[in-house]
Amino acid sequence: MPPSLRAPRGTRDLLPDERAALARLERIARDLAARYGYREIETPLFEQAAVFERGIGAVTDVVEKELFRVAPSRGEERETWALRPEATAGVCRAYVEHGMQTWPQPVRLSLTGPMFRYDRPQAGRYREFWQWDVEAIGDPGPAVDAELVELGARFYRDAGLGDVELLLNSIGDPACRPAYLGELVAYYRSSIDLLPEQERRRLETNPLRLLDSKDPAMAEVNERAPQITDHLCPACAAHFAGVRAHLDAMGVAYRLEPGLVRGLDYYARTAFEFYRRGAEGQQQALGGGGRYDGLLELLGGKPTPGIGFALGLDRVVLALAAAGAGAPVEAPPVAVIVGADPADTAGRLRVATGLRDAGLPVRADLSVRKLGRQLEAAVRDGAQFAVILGDELAAGDVQLRDLDGGSQKAVALADLATLLHRKVRG
Ligand code: HAM
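Since this is a predicted model, take the numbers as computed values, not measurements.

About the criteria used
Residues numbered from 1 in each chain as written. Predicted model: local features only at pLDDT ≥ 70, side-chain atom pairs only at ≥ 80, totals over all residues. Heavy atoms only, no water. Salt bridge = Lys/Arg side-chain N within 4 Å of Asp/Glu carboxyl O. Helix = DSSP H or I, 4+ residues; strand = E, 2+ residues; numbered from the N terminus. Buried < 20%, exposed > 50% of the residue type's maximum accessible area, 1.4 Å probe, protein only. Pairing = 2+ DSSP bridges. Axes fitted to C-alpha atoms, helices over the stretch in contact; angles between N-to-C directions. Contact = heavy atoms within 4.5 Å. Phe/Tyr/Trp six-rings, centres within 6.5 Å; stacked < 30°, edge-to-face > 60°. Near = heavy atom within 4 Å. Polar contact = N/O pair within 3.5 Å; in protein donor to acceptor, adjacent residues only side chain to side chain. Nonpolar A, V, L, I, M, F, W, Y, C, P; charged D, E, K, R; others polar. Core = buried A, V, L, I, M, F, W, Y, C linked by side-chain atoms within 4.5 Å. Expected span 1.5 Å × (residues − 1). Arc of directions from axis to C-beta. Disulfide = S-S within 2.5 Å.

Draft legend 1. Spotlight on the pattern of salt bridges. Under the defined criterion, the tally for this structure stands at 28 salt bridges. Close ionic contact of arginine 277 with aspartate 163 constitutes a salt bridge, the shortest N to O distance being 3.4 Å. Residue arginine 277 is found in the loop between strand 9 (270–276) and strand 10 (287–291), and its partner aspartate 163 is found in the loop between helix 5 (143–159) and strand 7 (164–170); the two are separated by 114 residues along the sequence. Looking at aspartate 163, the relative accessible area reads 47%, which means it is partly exposed. The salt bridge involving arginine 269 is made with aspartate 173; its shortest N-O contact spans 3.6 Å. Here aspartate 173 lies in the loop between strand 7 and helix 6 (177–190) and arginine 269 lies in the loop between strand 8 (255–256) and strand 9, a separation of 96 residues in the sequence. Here the two residues arginine 269 and aspartate 173 agree in accessibility, since each one is buried. Each of Asp163, Glu165, Arg255, Glu257 and Arg277 takes part in one network of salt bridges that share partners.

Here you go:
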């Protein structure tokens, strides 16, 4: 095997410490989802590419540049597939496909899992990354918008990440956005000399995105740009006021950010992102979401409103590590089964199996080495007890040694599980 086989660039192996940190976040997400009435769903890791092209928008970075297209190497299928770059389009495809509009509305769905985007990897930006995604489909808001945003904010608190700021905006809807876009484009054209080359191109394809450009050259131009919130139609303005009033009623702090426009095309009205205070670079969003009232129709469904968010779990793991939180501590085995006869690994496994049948987390020492070395390893494991198999085994007894206190006594093998259970509880 060539020595240079490695995980693809932009992906990484989650070694046990990092996997445990991610698993902890997944547990918090699942518990919260259940508490707020969101039920879990799984969608395939790949979909027809059209789900993303139609749903997310063909001229977004995510679809234009970052989609991992999957070509089947054989078979009859003529479909083009792509790895999912996000979950919303797939979840909404599933909503339409399974007729969820006949379920009680809104349908509240949650999932955690890997997403794939082919982008230039850098700190906090991976080609495979994990999201917690939450969607509430079938409620026009504004109350549900605020409830969902509060759920996102709570996640960071429960995860132990302080200092997370919520940025909030409304980006209008198809009734009011076109007139605003006209004004925005006219404004940028009047300042075209100040725009970097890449932003000039985007002015033609997706002018809204210029507003949240992280190019320093754009900062001054954007400061004077017309703001969408000054151009909302009465319905969108009332909706936005409603979202804010509900957030205020819950005591959720937020900062209005008129430049926040999101990178996916399906959004209308409410848009929001979470950042660590003072860390608002492009790769630093901890999570984001918004309302997507036109999306279900784009995917072949009836007009149905929806709102959701996705939180980037890798970035939360990184932020927690940067804040000095160690990997979650996993409980050591309660006992390690060791033996006086180095060769009797079968005897040690037999006892361990019985204790595992009784639900106890134990390890059997499977090495062929002296008892002293086995005991040293048991101490290194952090186990509370060593179960020592010796000559008494013939009479149905083992020695139980308390590795913390050093005491040792003979115990009937038949009573061992009950005794250990009692000690664990005590
Ligand atoms: P998004 O803003 O594209 O939204 O992604 C949400 C979060 O996923 C980001 O804030 C970031 O934390 C994380 N993320 C995105 N790309 C990467 C990457 N390459 N590496 C590491 N983390 C990343 C969505 O995905 C929408 N589907 C959210 C949504 C749900 N809107 C409505 N419902």
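Draft legend 2. Up close: the sheet that holds strand 15 (residues 397–402). If you walk across this open sheet you meet the 5 strands as 13-12-14-15-16, and the pairing is mixed. Every other strand in the sheet has two partners, leaving strand 13 (362–364) and strand 16 (408–412) as the edge strands with one partner each. In this sheet, neighbouring strand axes are inclined to one another by 30° on average, regardless of whether the strands run parallel or antiparallel. By the bridge criterion, 4 bridges tie strand 14 (residues 385–389) to strand 15 in an arrangement that is antiparallel. Residue phenylalanine 385 lies in a different strand from strand 15, and its bridge partner there is aspartate 402. Here helix 12 (residues 345–357) sits on the sheet in contact with strand 12 (335–339), strand 13 and strand 14, set at roughly 165° to strand 13. On top of the sheet, helix 13 (residues 371–381) reaches strand 12, strand 13, strand 14 and strand 15; it is set at about 175° to strand 12, its chief contact.

Draft legend 3. Geometry of the pairing of strand 7. Within strand 7, 6 of the 7 residues are buried, which leaves it mostly tucked inside the rest of the structure. One ladder, built from 7 bridges, connects strand 7 with strand 9; its direction is antiparallel. Note that in strand 9 the partner of leucine 168 across the bridge is phenylalanine 272. The sheet contact formed by strand 7 and strand 8 spans 2 bridges and is parallel. In the strand pairing of strand 8, leucine 167 is matched with arginine 255.

Draft legend 4. Representation of the packing of aromatic side chains. What the rule picks out here adds up to 10 aromatic pairs. When the centroid spacing of 5.7 Å and the interplanar angle of 80° are considered together, the rings of phenylalanine 155 and tyrosine 156 count as edge-to-face. For phenylalanine 155, a relative accessible area of 0% translates into the label buried. Its relative accessible area of 1% is what places tyrosine 156 among the buried residues.

Draft legend 5. Local environment of the site of the ligand. Neighbouring the ligand are 26 residues; Glu86, Thr88, Tyr126, Tyr267 and Ala285 lie closest to it. A distance of 2.6 Å is found between a nitrogen atom of the ligand and a side-chain nitrogen or oxygen belonging to tyrosine 267. Contributions of two or more residues to the shell around the ligand are made by strand 6 (128–137), strand 10 and strand 11 (306–312). Classifying every residue of the shell around the ligand by side-chain character gives 10 nonpolar, 9 polar and 7 charged.

Draft legend 6. Highlighting the nonpolar core. One finds Leu25, Trp132, Phe155, Tyr188 and Phe272 to be the most contacted residues of the largest nonpolar core, which totals 96 residues. Ranked by the residues each element gives to this core, the list is headed by helix 5, at 9 residues. What tyrosine 188 contacts, discounting residues up to four positions off in sequence, is Leu195, Leu203, Pro207, Leu210, Leu211, Met218, Val221, Asn222 and Ala225. Counting 19 residues, the second largest nonpolar core, distinct from the first, contains Val334, Val362, Leu416 and Leu419.

Draft legend 7. View of helix 9 (residues 234–250). Taking 1.5 Å per residue, 17 residues should reach 24 Å; helix 9 reaches 24 Å between its end C-alpha atoms and fits that length. What helix 9 keeps buried is the set Cys236, His239, Phe240, Gly242, Val243 and Leu247. Along the long axis of helix 9, the arc covered by the buried residues comes to 155°, so they all point the same way. In helix 9, the exposed positions that point more than 90 degrees away from the buried face belong to Pro234, Ala238 and Ala249. Looking at the buried residues of helix 9, the elements they touch are helix 5, strand 7, strand 8, strand 9 and strand 10.

Draft legend 8. Focus on the sheet that holds strand 8. Strands sit in the order 1-5-6-11-10-9-7-8 across an open sheet of 8 strands; the sheet is mixed. The sheet terminates laterally at strand 1 (39–40) and strand 8, the two strands that pair on one side only. Pairing of strand 9 with strand 10 involves 4 bridges; the strand directions are antiparallel. Directly across from phenylalanine 272, in strand 10, lies its bridge partner glycine 289. Across the sheet, helix 4 (residues 88–97) touches strand 5 (107–116) and strand 6, and the angle it forms with strand 6 is around 40°. Of the strands in this sheet, strand 7, strand 8, strand 9 and strand 10 touch helix 9, which is tilted by about 155° from strand 7.

Draft legend 9. Representation of the side chain of threonine 60 within the structure. Within the fold, threonine 60 resides in the loop between helix 2 (49–56) and helix 3 (61–64). A relative accessible area of 1% places threonine 60 in the buried class. What threonine 60 contacts, discounting residues up to four positions off in sequence, is Lys65, Gly263, Leu264 and Asp265.

Draft legend 10. Inspection of the state of the cysteines at higher detail. Summed over all chains, the structure comprises 0 disulfides. Of all cysteine sulfurs in the structure, the one in cysteine 236 sits closest to cysteine 92, which takes part in no disulfide; the separation is 19 Å. A relative accessible area of 0% places cysteine 92 in the buried class. No disulfide involves cysteine 236; its sulfur sits 3.6 Å from that of cysteine 233, the nearest cysteine.

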